[in-house]
Every structure is written in structure tokens, then in C-alpha cells.
Amino acid sequence: MKKIFSIFISLLPLLSLAQQKQIDSLQNILKTSSIDTSKVTILNKIASHYIEMNNNQDAKSYATQALMLAQKNNFLTGEMQAYSYIGGIYELFGKYDDA
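Procedures and definitions
- Residues numbered from 1 in each chain as written.
- Predicted model: local features only at pLDDT ≥ 70, side-chain atom pairs only at ≥ 80, totals over all residues.
- Heavy atoms only, no water.
- Helix = DSSP H or I, 4+ residues; strand = E, 2+ residues; numbered from the N terminus.
- Expected span 1.5 Å × (residues − 1).
- Buried < 20%, exposed > 50% of the residue type's maximum accessible area, 1.4 Å probe, protein only.
- Core = buried A, V, L, I, M, F, W, Y, C linked by side-chain atoms within 4.5 Å.
- Contact = heavy atoms within 4.5 Å.
- Axes fitted to C-alpha atoms, helices over the stretch in contact; angles between N-to-C directions.
- Parallel < 35°, antiparallel > 145°, perpendicular 65-115°, else oblique.
- Left-handed = near helix turned anticlockwise from the far one by under 90°.
- Nonpolar A, V, L, I, M, F, W, Y, C, P; charged D, E, K, R; others polar.

**As for helix H2 (residues 36-52)**
So, point 1. An ideal rise of 1.5 Å per residue puts 24 Å on 17 residues; H2 measures up with 25 Å between its terminal C-alpha atoms.
So, point 2. Among all positions of H2, only Val40, Ile42, Leu43, Asn44, Ile46, Ala47, Ser48, His49 and Tyr50 are buried.
So, point 3. After H2 finishes, the residue Asn54 shows a positive phi value of roughly 60°.

**Looking at the nonpolar core**
So, point 1. One finds Leu43, Ile46, Tyr50 and Tyr62 to be the most contacted residues of the largest nonpolar core, which totals 21 residues.
So, point 2. Counting residues per element, the ones that place at least two in this core are helix H1 (2-32), H2, helix H3 (56-72) and helix H4 (76-93).
So, point 3. With 7 residues, the top contributor of residues to this core is H3.
So, point 4. Discounting chain neighbours no more than four positions away, the residues touching Tyr50 are Gln20, Ile23, Gln27, Asn55, Asp58, Ala59 and Tyr62.

**Let's talk about the side chain of Asn44**
So, point 1. Tracing the chain through its elements places Asn44 in helix H2.
So, point 2. Accessibility expressed as a relative area gives 4% for Asn44, which makes it buried.

**Details of the packing of H2 against H4**
So, point 1. Viewed as axis vectors pointing N to C, H2 and H4 meet at an angle of 20°, and their least axial separation amounts to 10 Å. By the criterion of interaxial angle, the relationship of H2 to H4 is roughly parallel. In this structure, H2 crosses over H4, and the sense of that crossing is left-handed. Along the contact surface, H2 presents Val40, Asn44, Ala47, Ser48 and Ile51, while H4 presents Gly78, Gln81, Ala82, Tyr85 and Ile89.
So, point 2. Its residues assigned to classes, the contact of H2 with H4 shows 6 nonpolar, 4 polar and no charged.

The structure is reproduced here in C-alpha cells:
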């Protein structure tokens, strides 16, 4: 059992590296996207990846950007997803009143 746990722990940096590559790819797509609803979706996906990496400050930043853009364009699905991420992040911080 200890051997399996050791192997798992040794693979964690590789998982983080894979997540970062996905984030980098999404950020490149975001730079070239001209459709606001697509930008909201990409911003939310980036927020999701940062949440998975326990980088909640960056996740909150991207989710907030997605929220503002979704509200500006009346994109309710994107707005709902952004609120979900922001609420989850506040919950992780223990800020239940803000969540």
C-alpha cells in the first residue's frame, strides 16, 4: 500500500504540468476569440482548471471576468457557471456569507 501511495505522490507534479498546459492552450485561444460567449466559456474553463490545481485566487479572478462578460452580454449559462465557481471558491475560503 505504501508503494502505491508513493507512486501516486510522485505522479502529482505531472498532473499539475498537464493542467498548466491546458490552461496555456485556453489562454491562447482566449486571445484570438472574438465571440464574447466563447470568451465566457473559456474563462470559466480556465477557472475550473485553476480550482482543480487549488489555485483559488487565479480561479476567482477568471471566474469574475467570466461573470462580468456574461452579464454584459446577457449570457445566462455562462453567468450561472461563473457564479457557481465563485461560490465554491468562497466556500473553500470559509466565507459562507459571500458564497
